[in-house]
Amino acid sequence: MPHLEAVNSAPHRADVWNVSNAHCLAQYQILAEAEPDLLVRVLNLFALQFLTPEQVNVQRMDDLLSIDIVMGGFSWHRAQVIAEKLRNLISVCSVNLQNADSAWDGRAQAAG
């Protein structure tokens, strides 16, 4: 029988879903085809994560919807994952994700 050897395990990967991670204020800018159920499908991706938007603005431009969502209380990694899920929705043309915290800091520094 072979001798037992110590197993060297790889260092643990950071838990990006941990609630103690730094939270950000994410701003989503979504352009999509104007479908009757699209807004519900978009907001459902946040509801499934038990997240409530701080601000939602929807504007119809002919056959397109422009949706702006400001969401806080989650990590930047989770914001990026939700952005990818939004991009995979049928009828969504584009998704732009920005860290509204850094944009706010930049505006405050320019004003001050």
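Data block above holds the structure.
Residues numbered from 1 in each chain as written. Predicted model: local features only at pLDDT ≥ 70, side-chain atom pairs only at ≥ 80, totals over all residues. Heavy atoms only, no water.

(A) Focus on the pairing of strand 3 (residues 64-74). Looking at chain direction, strand 1 (residues 24-33) and strand 3 are connected through 10 bridges and run antiparallel. Of the residues in strand 3, the one forming a bridge with Gln 27 is Val 70. Hairpin connection from strand 2 (residues 55-61) to strand 3: 2 residues lie between these consecutive antiparallel strands, with Asp 62 at a positive phi of about 55°. (Pairing = 2+ DSSP bridges. Helix = DSSP H or I, 4+ residues; strand = E, 2+ residues; numbered from the N terminus.)

(B) The pattern of salt bridges, seen in detail. All told, the structure shown has 2 salt bridges when counted by the stated rule. A salt bridge links Arg 41 to Asp 37; its shortest N-O distance comes to 3.3 Å. With relative accessibility at 39%, the residue Asp 37 sits in the partly exposed group. (Salt bridge = Lys/Arg side-chain N within 4 Å of Asp/Glu carboxyl O. Buried < 20%, exposed > 50% of the residue type's maximum accessible area, 1.4 Å probe, protein only.)

(C) Spotlight on the environment of Trp 76. Relative to the helices and strands, Trp 76 resides in helix 2 (residues 76-87). Measuring from C-alpha to C-alpha, the distance between Trp 76 and Gln 98 comes to 9.7 Å, with 22 residues separating the pair along the chain. What Trp 76 contacts, discounting residues up to four positions off in sequence, is Ala 22, Cys 24, Ala 26, Leu 97, Gln 98 and Asn 99. (Contact = heavy atoms within 4.5 Å.)

(D) Structural detail: helix 2. Taking 1.5 Å per residue as the helical rise, helix 2 with its 12 residues ought to reach 16 Å, and the 17 Å between its terminal C-alpha atoms agrees with that figure. Looking at helix 2, one finds that the buried residues are Arg 78, Ala 79, Ile 82, Ala 83 and Leu 86. For helix 2, the arc enclosing every buried residue in end-on projection is 145°, short of the 170-degree limit, so these residues lie on one face. Tucked inside the fold, the buried residues of helix 2 contact strand 1, helix 1 (38-47), strand 3 and strand 4 (92-99). (Expected span 1.5 Å × (residues − 1). Arc of directions from axis to C-beta.)

(E) Looking closely at helix 1. When helix 1 is considered as a whole, its buried residues turn out to be Leu 38, Val 42, Leu 45 and Phe 46. Projected down its long axis, helix 1 shows its buried positions confined to an angular sector of 105°, all on one face. Residues of helix 1 that are buried make contact with strand 1, strand 3, helix 2 and strand 4.

(F) Representation of unusual backbone geometry within the structure. Notably, Phe 50 is not glycine yet its phi reads approximately 60°, a positive angle. Position of Phe 50 among the secondary structure elements: in the loop between helix 1 and strand 2. On the accessibility criterion, Phe 50 (79% relative accessible area) is exposed. The backbone of Ser 91 shows a phi angle near 85°, a positive value even though the residue is not glycine. Mapped onto the fold, Ser 91 is located in the loop between helix 2 and strand 4.

(G) Region of the structure containing the nonpolar core. Among the nonpolar cores identified, the biggest contains 23 residues, and Tyr 28, Ile 30, Val 42, Phe 46, Phe 74 and Leu 86 are the most heavily contacted of them. Where this core is concerned, the elements lending two or more residues are strand 1, helix 1, strand 3, helix 2 and strand 4. (Core = buried A, V, L, I, M, F, W, Y, C linked by side-chain atoms within 4.5 Å.)

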